[in-house]
Amino acid sequence: MDTVFYNRFERNGAQDGVKAHATHYCAGCGHGLAHKYMAEVIDELGIQDRTVAISPVGCSVFLYYYLDVGNSQAAHGRAPAVGIGHKLANPDSIVISYQGDGDLASIGLAEIISAAQMGLPFTVIFVNNAIYGMTGGQMAPTTLMHQKTATTPDGRNRLMGEPLKMAELIAGLDGPVYVERVALFNNKQRMRARKAIHKAIQMQVEGRGFSFVEVLSECPTHLKMTPEEAEKWVEEQMVPVYPLGVKKDTAPEPWFEPGEPDYDVERMLRTLGTTDVPARRFNKGFPRHLDPSDVGIKLAGAGGDGAQTIAKLLCNAAIDEGFDGTYIPSYGPESRGGTSYADVHVADGEVLSPAVPDPHVLVAFNAPSLDKFGPTVRPGGIVLYDATVIHSVPKLADGVRAYGIPFTRLAAELGVFRVKNIVALGALQAATELFPVTTMRSALHRAIHAVAEVAHINDRAFDAGAESFKAVLQQELVSEVSSN
Amino acid sequence: MSETVTRAERPKPFLFPQFCKACGRCVEACSHGAITMGTEIDPRTGLTPVVIDLEKCNGCGLCFEACPEPFGLMPKPDKDFDPGVVDPETLFGAKASTAQMPVGTPDVELPLPHTEPMVLKGTHASAVGALLAGCRHFFGYPITPSTEGAELLAKLLPGLGGTFVQAVSEVAAVNMMYGAGGAGRRTMTFTSSPGFSLMLEGISYMIGAEVPAVFVNIMRGGPGLGNIAPEQADIKLVCRGLGHGNTHAIVLAPASPQEMLDLTMLAFDLAFRYRNPVVIVGDGYLGQITGKVQLPDAMVKPGIPEWAVFGDANHRGNLINSIRLSEAELEMHNVFLNEKYDRMREAEQRSDAFLCDDAEWIVIAANTPARMAKGAVEDLRRQGIKAGLFRPVTLWPFPIDALASFVPHAKGFVVVEAGSGQLEDEVRLAMSHAGLALPHMAHVRRSGGVLPSKKEIIDRILELEEVTHGHGVL
């Protein structure tokens with residue numbers, strides 16, 4: 001005997017005897033038939049070695065006792081997600097997710113809908129018997145109206161919702177290529193069921209897409225009927241609510257062509273954008289005129305001011321120069337349009353806390369930022385603010401020097417508003433001499449991957465910021481001299 | 001060929017009565033009335049199997065397709081076959097399955113040339129670590145402040161033959177990981193606290209079914225929706241509450257972008273070594289901080305382990321499964337898992353001690369707060385106070401062996417955390433399990449997204465010093 005069933009069901013805990021050769025299903029249950037048709041189809045299509053069957057939670061949790069294929073047992077309702085994992089792990093595998101009505105149509109609704117819409121070639125066999133089997137006859141999402149169950153003792157009513165028609169729901173999505181509802185209650189229906197399962201799995205083998213077969217099935221035990229009565233009940237009561245037939249049948253060209261995982265070292269390094277060329281260093285030592293070992297800079301403005309870009313650039317420049325550097329953004333919802341600030345550290349040794357609660361240098365792009373962070377600048381620190389939009393300076397700590405540079409106006413004069421951050425960077429460089437100018441320029445050129453004319457504007461913006469600072473400083477000196 | 005000849009050759013059914021459940025589907029299927037419900041009770045099953053009258057049978061075969069039992073009604077192998085005298089055990093094959101013994105393919109280390117340091121954000125560094133560890137399968141759901149890691153992988157994986165899936169929820173994502181991990185692939189996710197909560201069901205299944213995977217949880221403020229600022233709010237969850245049942249996983253706590261990369265690579269190694277998920281916890285700051293990162297000297301080309309359900313001939317005999325219905329079997333499985341947890345406790349404790357050898361005040365901190373704590377320790381040392389920093393790199397297993405060696409000269413522990421005492425609970429529990437008496441316990445705790453500052457730590461220890469000197473005792 002050679003079938004896709006195990007020759008003996010050892011996982012059922014028996015080596016021989018009845019238990020090793022009989023399923024655990026009740027007399028008249030439809031699961032055995034669905035299993036059998038799957039086994040026959042897997043055999044016919046010659047895919048036993050490639051098949052991975054996903055066992056659900058419910059009476060058919062023990063599918064893996066029976067089918068001699070790769071088996072994976074999923075959490076309640078999650079079989080389609082587990083199936084997607086298997087299919088993507090090995091696109092050559094044939095993945096069949098087998099689920100009951102509680103598993104698929106209740107707890108696992110999100111998983112089945114999203115899997116169906118994703119449309120990967122894999123197959124779902126959905127056994128709908130209108131009741132919970134394993135937990136003992138409670139209402140299923142597919143229980144009929146007025147049907148009595150352990151949790152609908154007076155019959156299902158409107159408050160418990162209407163029966164869920166999964167085949168129609170799935171067929172209404174764009175992802176699936178083949179959806180059919182079949183039944184098991186007579187020879188004709190059984191032949192159709194077997195054929196539908198064949199087609200559904202074949203669609204996957206051909207790589208065409210997601211296929212779904214809903215099987216109306218009998219649960220004599222919980223319907224409290226004989227097997228014969230249960231067949232009749234499915235035919236007479238279920239079929240009018242769940243009409244049989246093909247719900248969707250398209251046969252698109254095979255489309256699923258996943259790549260093979262690549263482990264080429266060269267490609268990896270290219271992908272990561274690494275370089276083996278050391279950055280040129282221009283510094284003649286740590287900027288000790290600002291701090292003996294760790295300079296903190298805060299850049300603050302509104303979203304879009306470009307504070308984050310120059311923060312990252314300063315961090316890059318620090319690391320290029322062989323110092324330690326960190327940059328941390330404010331990353332809240334505010335970074336999507338409201339206030340946006342960034343903290344930068346440049347340290348001779350190791351940066352410890354990445355936050356800058358008391359900066360040496362503050363760059364403020366708007367008045368709220370200056371009001372908020374100006375007073376936190378440490379004594380002797382430097383504040384640079386956009387004089388285009390900020391007209392008053394809050395009280396600052398002793399010895400803090402504040403310089404108003406028209407970042408926005410200078411950028412506007414260059415015709416590109418968004419380079420105001422580069423104007424600010426030029427001013428910051430001139431005011432702090434954090435790094436040599438060449439360091440800043442080279443970091444700027446590498447950071448802003450830009451076409452030549454933009455790079456040119458960046459250079460001009462940087463210069464404009466630096467010159468403006470020098471002019472402001474000059475003016476200050478002149479006024480100091482004259483007031484003296 | 002005439003139809004009658006064909007019909008005569010069609011096999012007729014036979015049945016081992018002990019495999020019949022007397023459902024009667026075949027009775028209704030047979031249009032010739034050749035099968036009837038039996039009346040005689042089979043002593044092996046207590047059921048009344050159907051009776052076949054082969055004289056009436058025309059070999060149409062419909063009864064085979066009507067019988068739900070795999071070993072129920074089936075075609076006679078030959079005309080004279082008598083099921084009454086044949087032992088079914090010999091008929092159905094000597095072995096349960098013809099599947100071959102699975103063989104694993106080993107991982108290969110590929111040397112990397114020296115490259116200049118990169119400047120990477122924490123989540124990006126972790127994503128790069130995953131790629132270098134051979135992870136090509138990512139499943140996740142966007143959640144701040146972890147999303148940038150996923151975004152980078154969405155960009156890079158397609159060029160490396162990898163797979164990036166944005167799932168419908170964290171619940172779906174973790175189960176996709178269960179599938180791909182069960183197939184033997186290196187798989188990971190980025191998430192943050194509320195998303196991690198949703199993944200716990202799947203993590204419990206993974207531990208039960210021994211499926212490896214790597215979870216990067218960039219923790220944020222809670223409970224509930226909380227906020228997206230940095231908090232070490234899930235230490236209890238990752239150390240004590242990985243879903244239902246008897247669960248544990250190695251928990252790694254990086255403190256820099258460099259460690260985000262290094263520990264992500266290590267996490268994949270550990271996940272497959274133990275066939276168990278590994279969790280990396282960072283606070284929101286660690287996800288967002290940009291800094292210097294040096295690539296390692298090798299990357300990994302992973303193989304497919306022998307236990308995987310890969311979906312090929314080699315692995316056909318395998319099963320990924322966490323259900324063990326019999327009490328005895330499940331207890332055995334838990335004993336097995338406990339032994340595995342013991343091996344992790346034995347071999348995987350990791351920590352970093354800074355100036356602890358003679359420290360009187362041992363600051364215990366992990367993730368970003370450890371950076372503030374290090375600054376505090378340096379300052380205190382300059383003031384002549386013997387402070388040290390003990391940084392657990394594995395939060396589970398807690399590195400108690402290393403900490404124990406510093407206890408004899410310690411006046412006290414100062415547990416510094418961005419949270420409300422979850423790390424301190426781990427310290428106390430580890431000390432208690434190790435049978436060690438606690439020194440004086442103090443702490444600096446901030447929460448809600450506020451990080452403990454260097455100054456708060458210094459002030460706390462100065463306070464403790466004063467009390468000690470003033471009264472001689474605490």
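Heads up: these notes are all about the structure in this document. (Residues numbered from 1 in each chain as written. Chains lettered and ligands numbered in written order. Predicted model: local features only at pLDDT ≥ 70, side-chain atom pairs only at ≥ 80, totals over all residues. Heavy atoms only, no water.)

## Some details on the pattern of salt bridges
One side chain can pair with another of opposite charge once the charged atoms of both are near each other.
At step 1: Counted according to the given criterion, the structure contains 50 salt bridges over all chains.
At step 2: Between Asp 342 of chain B and Arg 345 of chain B there is a salt bridge; the shortest N-O distance is 2.8 Å. One end of the pair, Asp 342 of chain B, and the other, Arg 345 of chain B, are both in helix H12 (residues 327-347), three residues apart, so they sit about a helical turn from each other.
At step 3: Given the relative accessible area of 43%, Asp 342 of chain B is considered partly exposed.
At step 4: Note on Arg 345 of chain B: relative accessible area 34%, which makes it partly exposed.
At step 5: Measuring nitrogen to oxygen at the nearest pair gives 3.3 Å for the salt bridge that ties Lys 411 of chain B to Glu 360 of chain B. In this pair, Lys 411 of chain B sits in the loop between helix H14 (400-404) and strand S20 (412-417) while Glu 360 of chain B sits in the loop between strand S16 (351-354) and strand S17 (361-364), placing the two residues 51 residues apart along the sequence.
At step 6: You can call Glu 360 of chain B partly exposed: its relative accessible area is 24%.
At step 7: One salt-bridge network, in which partners are shared between bridges, spans Arg 190, Glu 218 and Glu 231 of chain A together with Arg 25 and Glu 28 of chain B. (Salt bridge = Lys/Arg side-chain N within 4 Å of Asp/Glu carboxyl O. Helix = DSSP H or I, 4+ residues; strand = E, 2+ residues; numbered from the N terminus. Buried < 20%, exposed > 50% of the residue type's maximum accessible area, 1.4 Å probe, protein only.)

## Topic: the sheet that holds strand S1 (residues 51-55) of chain A
At step 1: The strand order S7(A)-S5(A)-S6(A)-S4(A)-S3(A)-S1(A)-S2(A)-S15(B) describes an open sheet built from eight strands, whose pairing is mixed. Here the strands that pair on one side only, and so sit at the sheet edges, are strand S7 (245-249) of chain A together with strand S15 (319-320) of chain B.
At step 2: Where strand S5 (residues 176-183) of chain A lies against S7 of chain A, four bridges are found, and the strand directions are antiparallel. Bridge pairing in S7 of chain A places Tyr 178 of chain A opposite Asp 249 of chain A.
At step 3: Running at roughly 135° to strand S6 (residues 210-216) of chain A, helix H5 (residues 109-118) of chain A makes contact with strand S3 (94-100), strand S4 (123-128), S5 and S6 of chain A of the sheet. (Pairing = 2+ DSSP bridges. Contact = heavy atoms within 4.5 Å. Axes fitted to C-alpha atoms, helices over the stretch in contact; angles between N-to-C directions.)

## A word on the pairing of strand S7 (residues 137-140) of chain B
Residue and element names in this part refer to chain B.
At step 1: Of the two faces of S7, the one carrying His 137 and Phe 139 and the one carrying Phe 138 and Gly 140 are both buried.
At step 2: The pairing of S7 with strand S8 (residues 163-166) spans four bridges and is classified as parallel. Paired with Phe 139 across the bridge in S8 is Val 165.
At step 3: The handedness of the S7 to S8 crossover, carried by helix H6 (residues 147-156), is right-handed.
At step 4: As defined by bridge partners, S7 adjoins strand S9 (residues 187-191) across two bridges and the pair is classed as parallel. Within S9, the position partnered with Phe 138 by the bridge is Met 188. (Right-handed = clockwise from strand over helix to strand, strands pointing away.)

## Digging into the sheet that holds S9 of chain B
Residues and elements named next belong to chain B.
At step 1: With mixed pairing, the seven strands of this open sheet are ordered in space as S8-S7-S9-S10-S12-S11-S19. The open sheet terminates on both sides in strands that have one partner only, identified here as S8 and strand S19 (394-396). Neighbour-to-neighbour, the strand axes of this sheet turn through a mean angle of 20°, independent of strand direction.

## Here we look at the side chain of Ser 146 of chain B
Residue and element names in this part refer to chain B.
At step 1: Here Ser 146 lies in the loop between S7 and H6.
At step 2: Relative accessible area serves as the criterion here: at 1%, Ser 146 is assigned to the buried category.
At step 3: There is a polar contact of 2.8 Å between the side chain of Ser 146 and the backbone oxygen of Ile 143.
At step 4: Once residues within four sequence positions are removed from consideration, Ser 146 is found in contact with Thr 123, Phe 190, Thr 191, Ser 192 and Ile 218. (Polar contact = N/O pair within 3.5 Å; in protein donor to acceptor, adjacent residues only side chain to side chain.)

## Quick notes on the interface of chain B and chain A
At step 1: On the chain A side, the residues contacting the 104 residues of chain B number 106 residues.
At step 2: Summed over the three residues of chain B that lose the most area to chain A, namely Arg 25, Glu 65 and Arg 316 of chain B, the buried surface amounts to 9% of that side.
At step 3: Across the chain B-chain A interface, the total number found is eight salt bridges.
At step 4: The residue Arg 194 of chain A makes a salt bridge to Glu 65 of chain B at a minimum N-O spacing of 3.0 Å.
At step 5: Linking chain B to chain A there are 41 residue pairs in polar contact (both at pLDDT 80 or more).
At step 6: Here the side of chain B that touches chain A takes eight residues from helix H7 (residues 170-182) of chain B, the largest share from any one element.
At step 7: Taken together, the residues that form the side of chain B that touches chain A break down as 56 nonpolar, 28 polar and 20 charged.
At step 8: Bridge count for strand S2 (residues 70-73) of chain A against S15 of chain B is two bridges, and the pairing is parallel. Directly across from Asn 71 of chain A, in S15 of chain B, lies its bridge partner Leu 319 of chain B. (Buried area = accessible area lost by both parts, 1.4 Å probe. Nonpolar A, V, L, I, M, F, W, Y, C, P; charged D, E, K, R; others polar.)

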